[in-house]
Amino acid sequence: MSAAESHILPVYSPPQQNFERGEGCWIWDDKGERYLDCIAGIAVNALGHAPPVLVKALTEQAGKLWHTSNMFKVKGQEELAAKYTRDSFADVVFFTNSGTEAIEGAMKTARKYHTANGNPERIDIIGFQGSFHGRSYGAINASGNPSYLEGFGPRLPGFIQAPFGDLEELKKLVGPTTAAVILEPVQGEGGVREVAHDYLRALRKLADDTGFLIIFDEVQSGAGRTGKMWAHQWSGVTPDIMAVAKGVGGGFPMGAFMATKEAAKGMVVGVHGTTFGGNPLAMAVGNACYDELSKPALLDHVNLMANHLGQALEGLKDRHPDLVVDVRGKGLLRGIKLTINPKDIQGKLRDRKVLVGVAGDNVLRLAPPLVIDEAQIREAVDAIDAVLSAYATQANG
Ligand SMILES: *Cc1c(COP(=O)(O)O)cnc(C)c1O
């Protein structure tokens, strides 16, 4: 069927492939062609495609109970929340269906905290230029990206954007109505940029001195992606509230926001809710996925592969100084900033059966399953190398 006949709302422009089956880092289309997946459904399939542990968890649960809603206790929620809080700054967890829903809940929690403290005027959420927090009204207003806001009516009050990485500019924006600062420890869509650790430390001090809360959006950078369970753990700086999704379900749609007991003090019976969030299917997969991600051997593997990938990308930069401006990111979330349109390179890589993503700031994005091995990294980087070489030859010839 041609695109013109499609009955899908045309907000996406996918390539022609129809993917049917996956295993680990490989994915096959309906013609039987095999592709090396280095984007993992945008940092989602952390354990690869159809990992047997998650297939087992999902199918076992599917035969028992799918959904009861949050009118009733869901045992898997208690179990998974106990694990998330055992291993993090957080004391309480709310399960969602998506990243943007987690972001909404995180921001509502921050505003409610100030109301509970008798400061309802503290409503401003400060986000950063180049950030991405999802597509709900709250999320597009938090990130402030004009192209996502355009045509959807007036901007919501109580949202401000700060320039990336500039503490002095941030200080100018903080005032008596500041509720929270929201940021990704490693920006994903915005160009795969890591926030400096001393910036995070200074931000924590500013928050503590002036009373606003810190929300980390770890929807993309979390779930082991950078080599620690949560990317902020590299810096030692903890937030008050954190939103997660993408990799935490290993491909099953689920997310969560979590908070300290203090930051969540306004979130009492009746003030927030969701029908599907944390349902038994999601919790069966989420628990099994977290158990795998929290095995030290898995994170050791991520760090080892991240070293290989980092070195290989530096090599690419050395070989193609005219095309590669910069390599950035952390762990298995990496960006290659190009002088040319990354979409062209993405398309040429797909022709060579390697799937990658793009990000803002002219960046080609790699976010493979965390179980990728050295040979697969080599194959992906060789393919990028070949495409860049062909591009250079074509441009010069
Ligand atoms: C993907 C993403 C979101 C939104 O998640 P959805 O599940 O698409 O709603 C929010 N924040 C970050 C950092 C993301 O990468």
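Not measured: the values here are computed from a predicted model.

Cut-offs used in this document
Residues numbered from 1 in each chain as written. Predicted model: local features only at pLDDT ≥ 70, side-chain atom pairs only at ≥ 80, totals over all residues. Heavy atoms only, no water. Helix = DSSP H or I, 4+ residues; strand = E, 2+ residues; numbered from the N terminus. Near = heavy atom within 4 Å. Polar contact = N/O pair within 3.5 Å; in protein donor to acceptor, adjacent residues only side chain to side chain. Areas by Shrake-Rupley, 256 points an atom, 1.4 Å probe, with all protein chains shown as cover. Domains from an automatic or database assignment. Contact = heavy atoms within 4.5 Å. Buried area = accessible area lost by both parts, 1.4 Å probe. Salt bridge = Lys/Arg side-chain N within 4 Å of Asp/Glu carboxyl O. Nonpolar A, V, L, I, M, F, W, Y, C, P; charged D, E, K, R; others polar. Pairing = 2+ DSSP bridges. Axes fitted to C-alpha atoms, helices over the stretch in contact; angles between N-to-C directions. Phe/Tyr/Trp six-rings, centres within 6.5 Å; stacked < 30°, edge-to-face > 60°. Buried < 20%, exposed > 50% of the residue type's maximum accessible area, 1.4 Å probe, protein only. Lys NZ or Arg CZ within 6 Å of the ring centre and 35° of its normal. Expected span 1.5 Å × (residues − 1).

S.K.: Let's hear about the environment of valine 363: which residues, and what values?
M.R.: Within the secondary structure layout, valine 363 lies in strand S17 (residues 363-366). A C-alpha to C-alpha distance of 15 Å links valine 363 and glutamate 314, two positions 49 residues apart in sequence.

S.K.: So what's going on with the site of the ligand? Which residues, and what values?
M.R.: Close to the ligand lie Ser98, Gly99, Thr100, Phe132, His133, Gly134, Glu184, Asp217, Val219, Gln220 and Lys246, which account for all nearby residues. Between the ligand and threonine 100, the relevant distance is 2.8 Å, taken from an oxygen atom to a main-chain nitrogen or oxygen of the residue. Within the side chain of aspartate 217, one N or O atom sits 2.7 Å away from a nitrogen atom of the ligand. Relative to its unbound accessible surface of 380 Å², the ligand loses 82% to contact with the protein.

S.K.: Outline the domain arrangement of the protein, supporting the account with residue identities and numerical values.
M.R.: On domain assignment, one finds that the protein holds domain 1 (3-50 + 297-396) and domain 2 (53-293). Computed over C-alpha atoms, the centres of domain 1 and domain 2 are 26 Å apart. With 28 residues of domain 1 in contact, the opposing surface of domain 2 contributes 28 residues. When domain 1 packs against domain 2, the two sides together hide about 2200 Å² of surface, and 63% of this comes from carbon and sulfur. Of all residues in domain 1, Leu47, Lys330 and Leu333 give up the largest surface area on contact with domain 2, accounting jointly for 29% of the area buried on that side. Along the contact surface separating domain 1 from domain 2 lie two salt bridges. The interface formed by domain 1 and domain 2 contains nine residue pairs in polar contact (both at pLDDT 80 or more). Secondary-structure elements contributing two or more residues to the side of domain 1 that touches domain 2 are helix H1 (40-43), helix H10 (296-319), strand S13 (324-330), strand S14 (333-338) and S17. Looking at the side of domain 1 that touches domain 2, the element that brings in the most residues is H10, giving four residues. Here the side of domain 1 that touches domain 2 is composed, by residue class, of 17 nonpolar, six polar and five charged.

S.K.: Describe the pattern of salt bridges, listing the residues and the values that go with them.
M.R.: For the structure shown, the criterion picks out 18 salt bridges. The closest approach of N and O atoms between arginine 319 and aspartate 385, which form a salt bridge, is 3.0 Å. Here arginine 319 is found in helix H10, whereas its partner aspartate 385 is found in helix H12 (residues 374-396), with 66 residues between them in sequence. Across the salt bridge formed by aspartate 361 and arginine 328, the nearest N and O atoms sit 3.1 Å from each other. Here aspartate 361 is found in the loop between strand S16 (357-359) and S17, whereas its partner arginine 328 is found in strand S13, with 33 residues between them in sequence. Each of Asp326, Arg328, Lys337 and Asp361 takes part in salt bridges that share partners, so that together they form one network.

S.K.: Please provide a residue-by-residue account of the side chain of glutamine 187, values included.
M.R.: Within the secondary structure, glutamine 187 sits in strand S8 (residues 186-187). Within the structure, the side chain of glutamine 187 is placed 3.3 Å from the backbone oxygen of glutamine 129, a separation counted as a polar contact. Setting aside its immediate chain neighbours within four residues, glutamine 187 contacts Phe128, Gln129, Gly130, Ser131, Phe164, Val192 and Arg193.

S.K.: Describe the sheet that holds S17, naming the residues involved and giving the relevant values.
M.R.: What the four strands build is an open sheet, ordered S13-S14-S17-S16; its pairing is antiparallel. The two strands at the open ends of the sheet, each matched to only one other strand, are S13 and S16. For this sheet the average axis-to-axis angle between neighbouring strands, irrespective of direction, equals 30°. Summarising the sheet, S16 and S17 pair through three bridges and their orientation is antiparallel. Residue pairing across strands places alanine 359 opposite valine 363, the latter belonging to S17.

S.K.: Give a description of the sheet that holds strand S6 (residues 159-162) that names residues and reports values.
M.R.: If you walk across this open sheet you meet the seven strands as S4-S12-S11-S10-S7-S5-S6, and the pairing is mixed. Looking at which strands have only one partner, the edges of the open sheet turn out to be strand S4 (92-96) and S6. Averaged over neighbouring strand pairs, the angle between their axes works out to 20° when direction is ignored. Bridge analysis of strand S5 (residues 124-128) against strand S7 (residues 178-183) gives three bridges, and the strand direction is parallel. Counterpart to isoleucine 126 in the pairing with S7 is valine 181. Where helix H4 (residues 99-116) meets the sheet, it contacts S4, S5, S6, S7, strand S10 (213-217), strand S11 (241-244) and strand S12 (255-259), and its direction lies at approximately 175° from that of S10.

S.K.: For the packing of aromatic side chains, give the residues involved together with the corresponding values.
M.R.: As enumerated under the stated definition, the model contains seven aromatic pairs in all. Ring geometry for phenylalanine 94 versus phenylalanine 257: centroids 5.1 Å apart, planes at 25°, classification stacked. Of this pair, phenylalanine 94 sits in strand S4 while phenylalanine 257 sits in strand S12, and the two are 163 residues apart along the sequence. Classification of phenylalanine 257 by relative accessible area gives buried; the value is 5%. Each residue in the set Tyr84, Phe95, Trp230 and Tyr290 is aromatic and connected to the rest through ring pairs, giving one cluster. One cation-aromatic arrangement involves arginine 34 over tryptophan 26; the distance from NZ or CZ to the ring centre is 3.5 Å.

S.K.: Got a sec to walk through helix H9 (residues 280-293)? Specific residues and values, please.
M.R.: Structural remark: α-helix, 3.6 residues per turn; residues separated by three or four positions point the same way. With 14 residues, H9 should cover 20 Å at 1.5 Å per step; its first-to-last C-alpha distance of 20 Å lies within 8% of that length. Within H9, 12 of the 14 residues are buried, leaving the element largely enclosed by the surrounding structure. Among the residues of H9, those classed as buried are Pro280, Leu281, Ala282, Met283, Ala284, Val285, Gly286, Asn287, Ala288, Cys289, Tyr290 and Leu293. Tucked into the core, H9 has its buried residues touching helix H2 (52-62), helix H3 (75-86), S4 and H10. Of the residues that open H9, the one with a side-chain oxygen 3.0 Å from the backbone nitrogen of leucine 281 is asparagine 279.

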